[in-house]
Amino acid sequence: MNSFFLSPKWAILLPLIIVLQACSGGSGTAPTVNPDSSTGTGNNNAYTGPEPQTADVQAFRINVWENLRGDDRCGACHTAGGQAPSFVRSDDVNLAYSSVNGIVDLSIPASSRMVTKVLEGHNCWQGDDSAALSACANIIEGYITAWANDSQGGTANVIALTPPPIIDPGSSKNFPADVADTSFASTVHPLLTAHCVNCHTQDAAIPQSPYFAVADAQEAYLAAQSKMDLDNPANSRFVLRLRDEFHNCWSLSCQNDADQMQTQIAAMAGGIAVTEPDSSLVLSKALTLADGILANTGGRHEANVIAKWEFQSGTGTTAFDTSGVAPDLNLTLSGDVEWVGGWGIRVVDGKAQGTTNDSRKLYDLITATGEYSVEAWVAPGNVTQGDAEDPARIVSYSAGTDARNFTLGQTLYNYEFLNRSTNTDANGTPAMSTNPDEEDLQATLQHVVVTFDPVAGRQIYVNGLSTDDTDPSPGGTLADWNDTYAFVLGNEVSSNRLWEGVIRMVAIHNRVLTPEQISQNYDVGVGEKFFLLFSISHLIDTPESYIVFEVSQFDSYSYLFNEPYYITLESTSSPSNVQLEGMRIGVNGREATVGQSYASLATTISDNNQVLSALGTIIALEKGPDSDEFFLTFEVLGSHSNVTVPGVPSVLPPQLDGVGGSEIGVRTFDAISASMGEITGINIASEPSLQDTFNTIRKALPAVPDIETFLSSHQMSITQLGIGYCDALIETNPGFFPGMDFDQSLSAAQRPLVTAPLVDAVVMSGLATQPDPVATQTELNTLFDRLCGGNGSSNASCSAAQTRPASKGVCAAALSNAAMLIQ
């Protein structure tokens, strides 16, 4: 069998062997780290032994030995006279070096025995659960990678393409879309709601996703699918957690509980039919992600990383800092924060926050250099959150809403960068913002970097490029930074400046990243990636022939298949003008119903390492990354063919033949603003701030009247515009509400002074399809309870300070609802 080395950049594919070379200044998954500063005895003392004999010994000392010799790491055992091997002995670093060489692999650090031993449960300082073990292993892998990069000129972490298992696409049981087509509600679901409800629901004291213990059977069914193996119920994650990991057993016997869970999963699986691959298809061999070759090889510039979160654990309530720079700045997930498949977290209504003590390392290491960079891969949940005076917090090192060292935030389509310096105030203002006309921030996965240094001040980069925005208060120093603040993601430390979205990676550097280094890190990408080599040797005359995809779990619901190319691992062979047409991706015994971006592909394979397409596509996740089996089908491949003709429906769907389509639509952007103006009597042209709001969110409002295209993000923008109109209404035209004084307290009996005029203006009488006015007023009254009662108490009075903002909120709810929008 031959092995080939592959660069992840197809543009520099070389024949035969390619080794990933790191750029100068650092590479790989680990930084050139500072020595471990954690407290301890004995092995944390200053080294007084012989000097390193070679440059390689010195690289080992700096990157591995210094970081692991503390008593809280490996120094309590693996020392002179202690447990072998003595790779952290303090008397002679050269002897320690001799001991370590048998337990490290500098070419593939992840394969080092030092890494795998910790992953198996040996002496992890973060804890003993699977997430903690993974974090410790990642940190040690990072130390070894940094050593290899220093010693070997950046040749660590090569990707060796080796032949995968040769497996025919198998039959499979697939989850029906509707829970009603299964027995889940009467088999597995009762066990989950009885025994998992204290954690795996949104309402739990410490919610842990996925929420498979919710009362709604359909919602629980969708969340539980990745934890159940229909083909082998004993291999279900639900069963393994009980049987092997003793997780949340509800009786005195975890084995009995696991057997009970397995029995119910088997009962459900027994009612689901087996899917067999169509025998007429031209099929490649099959693979799972586990058969793939890990494609995360580094190449990032991380020479000065001091904290990093990659969210690899995927479970629990801790996001581990895997930078390797002590102390570990681990983050606690609180509120509604979900793990995202393929590495990441989704902030719904919560945050991820570190302690003030652990956060202090940011202060210590950044003020020591006077400069820093914040790097993140994020996918904003919408483009309507935050405002210029108070952005939603993505990444923050702060004390509350009005005091911070730095914050990366969002205001609509803008990124905001606040930095406390001698040229700004204690809140880091004035903020540096991206140009709103450029709309640099989008609700999609983006790489964003902000940097600060005393000369150039603040800079913002999105997707590898500078936004070319100007710092309103450039320069200054960090002399006014505060070392008592806490680091937080997705919110303010006070939990009242929520940012909604997905965070895939965050890194803090205590040096400014150059434009070239930022571009380099952007090109590497983010998340866990695999190379899947689909064998087609049985279909063409060239041995060891494969079509290779880079595959990653895109989120908790899908996979990303990217940039397929052809390769043969047989060095003496080459393809001979093999015709390829109509390539599709199959999963679990059938072609995927959506995501077939290569169905129109038509090309001739004539070269090794030939790129077939520069496109990527999204394929739905079904059973989960541990179980989903993939394969390829072809209309034509060499001498084999199975040309398919898309079927034409005999009866067009109602929305296409003009019969039975939706009889209602929605108002579009200008009509929405005009309707709000008509209802409130506010002329937008005379309200500059309202006009600015409308101009800013105009593109986020519905552009067509088709109700089938209406999105939740549209409603968010409509509500924001409604708040603007209501603010102008109450501030400039209080006569709209006869007898109402917004500067006084408001009792429950007085609420109709606000709600009645709104209902009269919004809900037009005499229309059969309008909301019921009484029901609408009841809903608005309930909203007053929530806004003024705080704890949900009914008929609560609003204080004088609450009356005006609560009334504006109620007004916005009335103005922005379907009564105005539907037409």
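As shown above, the structure is provided for reference.
Residues numbered from 1 in each chain as written. Predicted model: local features only at pLDDT ≥ 70, side-chain atom pairs only at ≥ 80, totals over all residues. Heavy atoms only, no water.

A. Broad picture of helix 16 (residues 773-789). Counted at 1.5 Å a residue, the expected span for helix 16 with its 17 residues is 24 Å, and the 24 Å between its end C-alpha atoms agrees. Inspection of helix 16 places T776, L780, L783, F784, D785, C788 and G789 among the buried residues, and these make up the whole buried set. Looking at the buried positions of helix 16, the neighbouring elements they touch are helix 15 (752-762) and helix 17 (800-815). (Helix = DSSP H or I, 4+ residues; strand = E, 2+ residues; numbered from the N terminus. Expected span 1.5 Å × (residues − 1). Buried < 20%, exposed > 50% of the residue type's maximum accessible area, 1.4 Å probe, protein only. Contact = heavy atoms within 4.5 Å.)

B. Region of interest: the layout of surface pockets. In this structure, the second largest pocket spans a volume of roughly 890 Å³. Along its surface, the second largest pocket is lined by 31 residues, and D387, A388, L412, T693 and Q720 are the ones closest to its centre. Secondary structure elements with two or more residues in the lining of the second largest pocket: strand 14 (414-419), helix 13 (688-697) and helix 14 (712-732). A breakdown of the residues in the lining of the second largest pocket according to their chemical character gives seven nonpolar, 12 polar and 12 charged. (1 Å grid on protein atoms, 1.4 Å probe; cavity = no way out; pocket = protein on both sides within 12 Å on 5 of 7 lines; lining within 4 Å. Points joined across faces, edges and corners; volume = space filled by probe spheres on them. Nonpolar A, V, L, I, M, F, W, Y, C, P; charged D, E, K, R; others polar.)

C. Geometry of the side chain of R504. In this fold, R504 is placed in strand 20 (residues 501-509). One polar contact links the side chain of R504 to the main-chain carbonyl oxygen of W343, over a distance of 2.6 Å. With residues near it in sequence (within four places) discarded, R504 still touches W309, E310, F311, G342, W343, G344, W377, L445, V526, G527, Q553 and F554. (Polar contact = N/O pair within 3.5 Å; in protein donor to acceptor, adjacent residues only side chain to side chain.)

D. Layout of the nonpolar core. In this structure, W309, F406, F487 and I508 are the most contacted members of the largest nonpolar core, which totals 49 residues. Setting aside chain neighbours within four positions, we find I508 in contact with N304, V305, I306, A307, W309, L362, I366, S373, V374, F406 and F487. Within the second largest apolar cluster, 42 residues are counted, among which are L746, V763, C788 and A814. (Core = buried A, V, L, I, M, F, W, Y, C linked by side-chain atoms within 4.5 Å.)

E. Broad picture of the side chain of S398. Mapped onto the fold, S398 is located in strand 12 (residues 392-400). Judged by relative accessible area, which is 1%, S398 ranks as buried. A distance of 2.8 Å separates the side chain of S398 from the side chain of S396, its partner in a polar contact. The residues contacting S398, other than those within four sequence positions of it, are A403, R404, N405, Y485, A486, E492 and V493.

F. Main features of empty space enclosed by the protein. Using the criterion set out here, one finds four cavities of 30 Å³ or more in the structure. The volume enclosed by the largest cavity comes to roughly 70 Å³. F311, Q312, S313, F320 and T322 are, among the 13 residues lining the largest cavity, the residues nearest its centre. Contributions of two or more residues to the lining of the largest cavity are made by helix 4 (130-152) and strand 8 (318-319). Classifying every residue of the lining of the largest cavity gives six nonpolar, six polar and one charged.

G. Molecular detail of the packing of helix 15 against helix 16. Between helix 15 and helix 16, the shortest axis-to-axis distance is 10 Å and the interhelical angle comes to 140°. In this view, helix 15 runs oblique relative to helix 16, as classed from their interaxial angle. Crossing of helix 15 against helix 16: the hand is right-handed. Facing P752, V754, T755, A756 and V759 of helix 15, the residues of helix 16 in contact are P773, T776, Q777, L780 and F784. In the contact of helix 15 with helix 16, the residues fall into seven nonpolar, three polar and no charged. (Axes fitted to C-alpha atoms, helices over the stretch in contact; angles between N-to-C directions. Parallel < 35°, antiparallel > 145°, perpendicular 65-115°, else oblique. Left-handed = near helix turned anticlockwise from the far one by under 90°.)

H. Summary view of the pairing of strand 16 (residues 446-453). Of all eight residues that make up strand 16, eight are buried, and the element is covered over most of its length. Here strand 16 shows two buried faces, one formed by Q446, V448, V450 and F452 and the other by H447, V449, T451 and D453. With seven bridges connecting them, strand 11 (residues 372-380) and strand 16 associate as antiparallel partners. Of the residues in strand 16, the one forming a bridge with V378 is Q446. Inspection of the sheet shows strand 16 paired to strand 17 (residues 457-462) by six bridges, in the antiparallel sense. Bridging from a neighbouring strand, F452 pairs with R458 of strand 17. Adjacent in sequence and paired antiparallel, strand 16 and strand 17 are bridged by three residues. (Pairing = 2+ DSSP bridges.)

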